[in-house]
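Spelled out from the first residue to the last, the chains are:
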Amino acid sequence: MAQSFFPIDPVDVSPPILSEEQTSQDSFWMLLSGVVTIRAGQKLTISNRSVLTLSLLLKKQGSPTGDVTFTIRKVSDDSVILSKVWGDASGLQGSATWEKVTFDAAAAINEEVRMLAEYSNGDFLNHVRIYYDSSDVKGGEGFTKYANGAYTDESYDGAYKYEYISTDWQDVDVSAHIPAGSTGALLHCVNTGTVYSYYLGLRKNGSTDDRNEAIYQDTHSWAAIGVDASRIFEARIYGPAGSNPTDVILYLVGYTKAGVTFFTNAYDKSLGVTGSWQGIDCSTEAPNAIGLIFEVRTTDVGAVWPNFGLRKNGSTDNRTNGTWQHNTFGVIVGCDNSQIVGGYISNTIVDFFLVGYITDGATFNTNATDVSLSSTGSWIDLSALPTNSGVALIEVVGNVKFGLRKNGSAEDIYHWSVYHPWAFVECDSTCLIEGKISTTAGDFFLVGYTEGTCALPVAVGRLVYGGLVNSGLVGGRLTG
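So, here is what we can say about the structure in this document.

Each value, and the rule that gives it
Each chain carries its own residue numbering, running from 1 in the direction its sequence is written. For this predicted model, a pLDDT threshold of at least 70 governs which residues receive local features, and a threshold of 80 or more governs which side-chain atom pairs are given and counted, while totals over whole chains, interfaces and linings are taken from all residues. Working from all heavy atoms in the structure, the side-chain values ignore hydrogens and water. Two strands qualify as a pair provided that DSSP identifies no fewer than 2 bridges between them. Every helix listed is a DSSP run of H or I at least four residues long, and every strand listed is a run of E at least two residues long, numbered separately from the N terminus. Axes, fitted as lines to C-alpha atoms, cover a helix only where it is in contact. Angles between the N-to-C directions of the axes lie from 0 to 180 degrees. One speaks of a salt bridge when a side-chain nitrogen belonging to Lys or Arg is within 4 Å of a carboxyl oxygen belonging to Asp or Glu. A simple rule labels every residue: compare its accessible area, found with a 1.4 Å probe on the protein chains alone, to the largest value its type can have, and call it buried under 20%, exposed over 50%, or partly exposed in between. Polar contact is defined as a pair of N or O atoms within 3.5 Å, subject to the rule that within protein one atom must be able to donate a hydrogen and the other to accept it, and that residues adjacent in sequence are counted only when both atoms are side-chain atoms. Any two residues whose heavy atoms approach within 4.5 Å at even a single point are treated as in contact. Two cysteine sulfur atoms form a disulfide, by the criterion used here, when they sit within 2.5 Å. Buried Ala, Val, Leu, Ile, Met, Phe, Trp, Tyr and Cys residues form a nonpolar core when they are joined through side-chain atoms within 4.5 Å.

Focus on the sheet that holds strand 23 (residues 308-312)
Here comes step 1: If you trace the three strands from one edge of the open sheet to the other, you get 21-25-23, paired in antiparallel fashion. Two strands bound the open sheet, and with one partner strand each, they are strand 21 (278-281) and strand 23. The mean angle between the axes of side-by-side strands here comes to 35°, regardless of whether they run parallel or antiparallel.
Here comes step 2: Pairing geometry for strand 23 and strand 25 (residues 340-345), over five bridges, is antiparallel. Bridge pairing links L310 to G343 in strand 25.

Right, dumping it as structure tokens:
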């Protein structure tokens, strides 16, 4: 058996924070009270972006006081999308300086807006100045100012910078972390936020798939997705108004090579029968496969938590716990020699998409091995994997706060299951991984493992009354 899965130390490959700017300037406009300008900035269109920060070029003239506020307003009705008090005008510099606010929450924007500094105190001797360029630097945009209840939009451009995360599909280049010839990426997907659910989509670069479903707050799961020859996959992350998509972190935890194939566009293998186990035939799409890689989602937008299960054909396992939207995301499960797996759904809003398959480098149990923990609240070794293992493929069942990590790791990612994810976890050189659970109502099942290089420690007995007794290994640890 050849090695096809290659674990790595986790690295954050979340879509980057990007920036947009217009920084040239040669003139200023005054912000002060009365019948003169009290707002000024740039009018522009922002498309599919969650804006995180805004910087404007300002200075104080004289000794102004009172709040300076940075806002982003809709052009359509002048309503405020984002707002943050920068501080008192007295704190501005006496020369033109870039001043920045980080909004308390990001907002997904896809419309024409005005990005403004707002100040309505002061006079002609004591006021705030905002800078612009008297030429048309950026087509389709323009300096804008508000006085006497109305805006005046100019053809020349204000100076601004803003940072954002794209809410559209964007490339994630992992070529710095995985070698040429890689076929896919193994990801640990974590929503670190405790308030908002976020929409998450993953696809092979060049795919036209467009599945974006929510991952619940304070949860995590794993996924496997194809990369192209340049080692790029695509991700899409966005959230509701008031959220911050940087709450979602994608950790690259491994990669695949020959022996694991990913499709550019996934195949829909969803079931139409509920309440019983059904065969899912993937022989046409995945010839000679020994294991299959699925994306699991539900399409509900309400409080519906349908049960589902996936198992190797011929198994008597009967784990059919609930899930919600993209909380499960990635599943790797064994198939029989006819490339059939067993699937179960309690509601047809559960969908299964075949994103890839395995022909070498993994072993799958017909019935999964129970490797659950009996103690809560601390990191504990699970039962050891077989010699020459690399990555444990673990099904997590139950409403439990949990973590799984390589033995000896200092990583402490510990979030809720909600309620049926899979985990793809590297073992150490002695074939051990660690787990932590908040309640014994949560269980771990080893559905398979990938080829690797670990080796179980050699068992050493102890001499008692001239004999060798109590020699052996239990859970990867020497006993006796």
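Brief notes about the pattern of salt bridges
Here comes step 1: One pass over the structure, following the stated rule, counts 25 salt bridges.
Here comes step 2: Where E118 meets R73, a salt bridge forms, and the shortest distance between an N and an O atom there is 2.7 Å. One end of the pair, E118, is in strand 7 (residues 97-118); the other, R73, is in strand 5 (residues 67-74), and 45 residues separate them in sequence. The same class applies to E118 and to R73, which are both buried.
Here comes step 3: One salt bridge connects R319 with E395, and the closest N-O pair in it is separated by 3.0 Å. Separated by 76 residues along the polypeptide, R319 in the loop between strand 23 and strand 24 (329-334) and E395 in strand 29 (residues 389-397) bring together distant segments of the chain.
Here comes step 4: Residue R319 is classed as buried on the basis of its relative accessible area, which comes to 14%.
Here comes step 5: Each of E20, R49, K138 and E141 takes part in one network of salt bridges that share partners.

Thoughts on the side chain of T328
Here comes step 1: When you line up the elements, T328 lands in the loop between strand 23 and strand 24.
Here comes step 2: A distance of 3.0 Å separates a polar atom in the side chain of T328 from the backbone oxygen of H420.
Here comes step 3: Excluding residues that lie within four positions of it along the chain, T328 makes contacts with S221, W222, V296, F308, T323, H420 and P421.

Brief notes about the side chain of K145
Here comes step 1: Inspection of the secondary structure puts K145 in strand 9 (residues 142-147).
Here comes step 2: Using a relative accessible area of 8% as the deciding quantity, one classes K145 as buried.
Here comes step 3: A distance of 2.3 Å separates a polar atom in the side chain of K145 from a polar atom in the side chain of E154.
Here comes step 4: Residue contacts for K145: discarding those within four places in its chain leaves W29, T37, R39, A40, A150, Y151, T152, E154 and Y156.

Some details on the pairing of strand 6 (residues 80-88)
For a regular strand, the rule is simple: side chains alternate between the two faces of the sheet.
Here comes step 1: Where strand 5 and strand 6 come together, seven bridges link them in antiparallel fashion. Pairing of D67 across the sheet is with D88, part of strand 6.
Here comes step 2: Turn length for the strand 5-strand 6 hairpin, with the two strands adjacent in sequence and antiparallel, is five residues, and the turn residue D78 shows positive phi of about 65°.

Observations concerning the state of the cysteines
Here comes step 1: Under the counting rule described, the total for this entry stands at one disulfide.
Here comes step 2: Looking at the unpaired C427, the closest cysteine sulfur is the one in C454, lying at 4.0 Å.

Describing the nonpolar core
Here comes step 1: Among the nonpolar cores identified, the biggest contains 67 residues, and L292, F294, F352, L404 and F444 are the most heavily contacted of them.
Here comes step 2: No other element matches the seven residues that strand 26 (residues 350-358) contributes to this core.
Here comes step 3: Counting 30 residues, the second-largest nonpolar core is a separate cluster that includes L44, F70, Y156 and Y160.

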